[in-house]
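Listed below are the residues making up each chain.
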Amino acid sequence: MPQDYYKILGVSPTATASEIKRAFRKKAKQLHPDILSSQDELNSSQKEEFRLVLKAYEILSDLHQKSMFDEEYDLKTRYERGSKSENSFNYREWLAARTDEESQCKLIFFDLMHKNEDAAVALFKKLNTEIPNFSLSYWFTREDFMDYGFILSEEMIFRGEFYDAILLLLQIIKMEYSYPYFKIFFPEVLLLAKTVLKRQLEGTVPDELFLDALERALDLNFPKKDEAHFFLKMAGAYDRLGDGATATICINEAKKLDSGIHIPLNLKKYII
């Protein structure tokens, strides 16, 4: 049977990430050799306790490792040391009952990975709408956010939620550019983002939001032909908004990036 890492740190299985971190710091301060005086050196049992504290924090502070630990070691046993029963702790119900942002964000990915995709998408959209400067990535490791975030974006695209999906994809692409993680899988991420921007987003949201997504994409240094297509799409949006001056700028930027790009008849009036 695995170690009870919650007991080692002295926290409940329902502890938040901040509570786990505080408990670790408290334990580490008590046991770390640098804190003890020369007359109070660690004996063998204290060394083992210190090792377990470090291991417990390593597991419980990492979303992926914690999820595997929680599945392997039934949460109810951490309360009663009994076997799994019908009354065992229900992690999803506990997350759903809490209103703090961390728990709600964890519920999104929990549902996403447990065949409850509709609920995950709905909750993400709700939090994105209701919480100013909402950031799903804040509560997870970089790698977990990128993995689960990509899956979430695919589910949103499947449901026609293109704007929320593209913002999530562009955030993931920006992360990948800063430090490679997806590597050979990354072209699939780029292709999905370009498909949404070129073929799916237009007409599903107001032109102001469409322009916002395209401008974010232009900050990410896509290949020139893709950027040309983005500028062409922007020209169309500005034309619909009655801003001919900006449409002219966009059309001519598109031509500079790709001299062979096809300009629709209704936009040729903006070519200089």
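Residues numbered from 1 in each chain as written. Predicted model: local features only at pLDDT ≥ 70, side-chain atom pairs only at ≥ 80, totals over all residues. Heavy atoms only, no water.

Things to note about the environment of D147
Structurally, D147 can be placed in helix α9 (residues 142-158). Not counting residues up to four positions away in its chain, the partners in contact with D147 are Y181 and F182. Within polar-contact distance, the side chain of D147 engages the side chain of Y181 at 2.6 Å. (Helix = DSSP H or I, 4+ residues; strand = E, 2+ residues; numbered from the N terminus. Contact = heavy atoms within 4.5 Å. Polar contact = N/O pair within 3.5 Å; in protein donor to acceptor, adjacent residues only side chain to side chain.)

A short note on the packing of helix α12 (residues 207-218) against helix α13 (residues 224-240)
It is at 10 Å that the axes of α12 and α13 come closest, and there the two elements cross at 155 degrees. Overall, the two elements α12 and α13 adopt an arrangement that is roughly antiparallel. Considering how the two elements wind past one another, α12 and α13 form a crossing that is left-handed. Mapping the contact onto sequence places D207, F210, L211, L214, E215, A217 and L218 in α12 and E227, F230, F231, K233, M234, A237, Y238 and R240 in α13. Across the contact of α12 with α13, the residue classes tally to 10 nonpolar, no polar and 5 charged. (Axes fitted to C-alpha atoms, helices over the stretch in contact; angles between N-to-C directions. Parallel < 35°, antiparallel > 145°, perpendicular 65-115°, else oblique. Left-handed = near helix turned anticlockwise from the far one by under 90°. Nonpolar A, V, L, I, M, F, W, Y, C, P; charged D, E, K, R; others polar.)

Considering unusual backbone geometry
In this model, N133 sits at a positive phi of 55 degrees, which is unusual for a non-glycine residue. With respect to the helices, strands and loops of the structure, N133 is situated in the loop between α8 (117-130) and α9. Notably, K183 is not glycine yet its phi reads approximately 55 degrees, a positive angle. Here K183 lies in the loop between α10 (162-178) and α11 (186-200). Among the residues examined, K183 registers a relative accessible area of 58% and is labelled exposed. (Buried < 20%, exposed > 50% of the residue type's maximum accessible area, 1.4 Å probe, protein only.)

With respect to α12
When the terminal C-alpha atoms of α12 are compared, their 16 Å separation across 12 residues agrees well with the 16 Å that a helix rising 1.5 Å per residue should span. Listing the buried residues of α12 in full gives D207, F210, L211, A213, L214, A217 and L218. One side of α12 holds all its buried residues, which, seen down the axis, span an arc of 160 degrees. Against the buried residues of α12 lie α10, α11 and α13. (Expected span 1.5 Å × (residues − 1). Arc of directions from axis to C-beta.)

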